[in-house]
Amino acid sequence: MAPLTNAAIAQALDELGDLYELDGTESYRVIAYRNAARTVRDAAVSVAGMVREGRATELNGIGRTLDTKLRALLEDGDIPKSRELRSKFPPGLIAVMHLPGFGPKRARRLYDELGIDSLEALRDAAGEGRIRSLRGFGAKVEDNLLKVLADGHDGGPQPRILLPRALGLAEQIAGALAGVPGADRVEIAGSARRLADSVKDIDVIATAADPGALVRTLADLPLIESMGTPGDNAARATTHTGMKVDLQVVEPDQFGNVLQHLTGSKAHNVALREAAVRRGLHVSQYGILDDASGETIRCPTEEEVYATLGYAWIPPELREGRGELEAARLDGGAGLPDLVTVEDLKGDLHCHTTASDGRASVEQMARAAMDRGLEYLAITDHSASHGFGNAVSADQLLEQAARVRELNATLDGFELLIGTETNILPDGSVDYPDEVLAELDWVIASVHTSFGMAQDEMTARMVAAMEHPLVDAIGHPTGRKIETRPPYALDVEQVIDAAARTGTMLEVNSAGDRRDLNDVYARAAAEAGVPILIDSDAHAVANLAIVRWGVATARRAWLTADQVANTRPWAQFAPMRKRARA
DNA sequence: GCCGTTTTCGGCCCGACTGTTTTCAGTCG
């Protein structure tokens, strides 16, 4: 049987949590399953492997009971308790439970009292007015339910907006509000501020002499489609693209508390508050209640919030409950990393031109890179067997190499490199002859075909490519597309090991729908000593700027400038290439 | 179910909102 992926294990734990919740078990057990599922999903190493080695309880939130259940899952393909509870509740009930406004209690009563076992049965019952007959349910619940179903909710996770688009909206809104006379501080909070892969809604927090003016300005913005009923100090709006926007205008003396609270993440805040309780402090968005004095400490800035709790200020990108609190402790923490910035980047090692599927010439890309202040740029058009855009034959590539070298000779203080993004074929070979690759300055190898291979085959394919002495780096190593395509089946742990062993760099591709490696894997790779690249993969001049998103992922991966290879000047980067070390 | 600078037992973040209710349960972030 194929080894279970972390995603599959996490799904099994979430399912059992759902079933326990329907069964009415105590809530802390359900929370424990959700926490464990999250830990497994975020793990950079194979959890199945850890279970087999008897090390699963080293993972945060996995104890002896869960270890036993995971063993059963790996050995028999299922958890006995899951099997038992599945026979007790119809599968459609979990979807009912996950509808907005519903939960385990309501789903259970609908099942027990009306026999509702699916979304279809629920829709029928609501249409016939049977829901409102139940005690505790009324006409409003029924109306809202029909609306939710009409909106296409199916009890699954709601689609999220990619960060570039969401942050673009948020920055427009915050910028407009900051320009209102009397507006003081205006900040974006939430997952957009943490630069997460995707965002559900936008939170904006402000201080202002005239809060009403901010609310009115928000309502009048062209990108706003509708407003909920605005209060004096808060409003909820919806953009034409369907994004929810929450604005809160708060008192200056608790701005830090609110900003910290609304930036999250939930996991970070829970960990922060649990640690605070042990020290007699209770954290909320309104302040920090000190048990000893009975006083509530209000903080104008986030720095004061963290300092009051005994921590250095923590960059939002790190607030995911992944060890940042321990590192930030003022009394003996290891210290937080000095995170890489866009300004640290000295070169871009992955871009395309009209030779393959780009929209600009070599010269245009080079000039644009120089205008951005970069010191080097590698032209890496797609290779001979590429299926879309123009395929570049070996001869064409060599001709392009000559042109690039000629142009490079005319560029003062800039290194224009000729490279390629060569395809990794299913057998792990690449699609140019070695003699051609040897003529180049730089080679990225990427998978663009046969995504459906089994994990061991795909891993072997990737490792074989890394064994190639002329492959300097692997592009978008897991192939995921955020919100639309899962990564291909890949043992990333093995890929990282092979990268470290062979001296192959791993890319964090900056495309807003890729950001691949992701934050978890990029962190693991850097910790294993693998040099990380942050590349634009630009297909047009303007796209060179999207390294912003790659840097965002790198920061969420705790990366310092030193761990990112292309923060170095060319003279230091050049000898790091595998071809220069042979 | 997990976990330990009070604890191997007894805790486990904090508050808002909604809809249904005469005081609160359930859900959400």
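Residues numbered from 1 in each chain as written. Chains lettered and ligands numbered in written order. Predicted model: local features only at pLDDT ≥ 70, side-chain atom pairs only at ≥ 80, totals over all residues. Heavy atoms only, no water.

Colleague: Could you give an account of the layout of surface pockets, naming the residues involved and the relevant values?
Modeller: Here the second largest pocket defines a volume of roughly 410 Å³. Residue lining of the second largest pocket: Gln158, Pro159, Arg160, Ile161, Lys200, Asp201, Arg236, Thr241, Gly242, Met243 and Lys244, and that is the complete set. Of the residues belonging to the lining of the second largest pocket, the class tally is 3 nonpolar, 3 polar and 5 charged. (1 Å grid on protein atoms, 1.4 Å probe; cavity = no way out; pocket = protein on both sides within 12 Å on 5 of 7 lines; lining within 4 Å. Points joined across faces, edges and corners; volume = space filled by probe spheres on them. Nonpolar A, V, L, I, M, F, W, Y, C, P; charged D, E, K, R; others polar.)

Colleague: Please give an account of the sheet that holds strand 6 (residues 234–239) that cites residues and values.
Modeller: With mixed pairing, 5 strands are arranged side by side in an open sheet as 2-4-7-6-5. Strand pairing shows two members of the sheet lacking a second neighbour, strand 2 (183–189) and strand 5 (224–227), which therefore form its edges. Each adjacent strand pair in this sheet contributes to an overall mean axis angle of 25 degrees, direction not counted. Here helix 12 (residues 211–220) sits on the sheet in contact with strand 2, strand 4 (201–208), strand 5, strand 6 and strand 7 (244–249), set at roughly 165 degrees to strand 7. (Pairing = 2+ DSSP bridges. Helix = DSSP H or I, 4+ residues; strand = E, 2+ residues; numbered from the N terminus. Axes fitted to C-alpha atoms, helices over the stretch in contact; angles between N-to-C directions. Contact = heavy atoms within 4.5 Å.)

Colleague: Account for the environment of Arg579, naming residues and giving values.
Modeller: Residue position: Arg579 is located in helix 25 (residues 578–581). Once the C-alpha coordinates of Arg579 and Trp442 are considered, the two residues, 137 residues apart in sequence, prove to be 8.1 Å apart. When residues no more than four places from it in sequence are discounted, the contact partners of Arg579 are Leu437, Ala438, Leu440, Asp441, Trp442, Val443, Pro469, Leu470 and Asp472. Among the polar contacts listed, one links the side chain of Arg579 to the backbone oxygen of Leu440, at a separation of 2.8 Å. (Polar contact = N/O pair within 3.5 Å; in protein donor to acceptor, adjacent residues only side chain to side chain.)

Colleague: Summarise the protein's contact with DNA strand B; cite the residues concerned and give the values.
Modeller: The immediate surroundings of DNA strand B are formed by 39 residues, with Gly63, Gly101, Gly138, Glu274 and His282 found nearest. The sugar-phosphate backbone supplies 76% of the atoms of DNA strand B found within 4 Å of the protein. Within the contact set of DNA strand B, a phosphate oxygen lies 3.1 Å away from a side-chain nitrogen or oxygen of Tyr33. At 2.8 Å, a backbone N or O of Gly61 approaches a phosphate oxygen of DNA strand B. Residue assignment for the surface near DNA strand B shows that the elements contributing at least two residues are helix 2 (27–42), helix 4 (64–76), helix 7 (104–114), helix 9 (139–150), helix 14 (266–277) and strand 8 (281–284). (Near = heavy atom within 4 Å.)

Colleague: Can you lay out the environment of Thr422 for me, pointing to particular residues and giving the numbers?
Modeller: Secondary-structure assignment places Thr422 in strand 13 (residues 415–423). Judged by its relative accessible area of 0%, Thr422 falls in the buried class. The sequence separation of Thr422 and Gly49 amounts to 373 residues, and the corresponding C-alpha distance is 32 Å. Only 2.6 Å separates the side chain of Thr422 from the side chain of Asp431, close enough to count as a polar contact. (Buried < 20%, exposed > 50% of the residue type's maximum accessible area, 1.4 Å probe, protein only.)

Colleague: Give a description of the side chain of Glu507 that names residues and reports values.
Modeller: Along the chain, Glu507 falls in strand 16 (residues 505–509). At 3.1 Å, the side chain of Glu507 and the side chain of Asn509 are in polar contact. Here Glu507 is in contact with His350, Ile444, Ile474, Gly475, His476, Pro477, Asp516, Leu517, Leu533 and Asp535, once residues within four sequence places are set aside.

Colleague: Go over the sheet that holds strand 8 with me, naming the residues and quoting the values.
Modeller: One open sheet holds the 3 strands; their spatial order is 8-9-10, and the pairing between them is antiparallel. Whereas interior strands pair on both sides, the edge strands pair on one side only; in this sheet they are strand 8 and strand 10 (296–297).

Colleague: Can you lay out helix 14 for me, pointing to particular residues and giving the numbers?
Modeller: Here helix 14 spans 16 Å end to end across 12 residues, near enough to the 16 Å set by a 1.5 Å rise per residue. Regarding helix 14, the residues found buried are His268, Asn269, Leu272, Ala275 and Ala276. In a view along the axis of helix 14, the buried residues occupy a sector of 135 degrees, so they form one face of it. (Expected span 1.5 Å × (residues − 1). Arc of directions from axis to C-beta.)

Colleague: Could you give an account of the pattern of salt bridges, with specific residues and numbers?
Modeller: Close approach of charged atoms allows side chains of opposite charge to pair. Across all of its chains, the model carries 40 salt bridges by this definition. Note that Glu15 is salt-bridged to Arg86, the shortest N-O span being 2.8 Å. Remark: Arg86 occurs in helix 5 (residues 80–86) and Glu15 occurs in helix 1 (residues 6–22); sequence separation between them is 71 residues. According to the relative accessible area criterion, Glu15 is partly exposed, its value standing at 24%. (Salt bridge = Lys/Arg side-chain N within 4 Å of Asp/Glu carboxyl O.)

Colleague: Tell me about the side chain of Thr207, and please be specific about residues and values.
Modeller: Following the sequence through the fold, Thr207 ends up in strand 4. Here Thr207 falls in the buried class, since its relative accessible area comes to 2%. Beyond its immediate sequence surroundings of up to four residues, Thr207 is in contact with Gly182, Ala183, Asp184, Arg185, Val249, Val250, Glu251, Pro252 and Phe255.

Colleague: Got a sec to walk through unusual backbone geometry? Specific residues and values, please.
Modeller: With an omega of -5 degrees, the peptide bond running from Gly264 to Ser265 counts as cis. Relative to the elements of secondary structure, Ser265 occurs in the loop between helix 13 (255–263) and helix 14. A cis amide bond links Asp516 with the next residue in sequence, Leu517, at an omega value of 10 degrees. Here Leu517 shows up in the loop between strand 16 and helix 22 (519–527). Despite not being glycine, Leu195 has its phi angle at roughly 55 degrees, a positive value. Within the secondary structure, Leu195 sits in the loop between helix 11 (190–193) and strand 3 (198–199).

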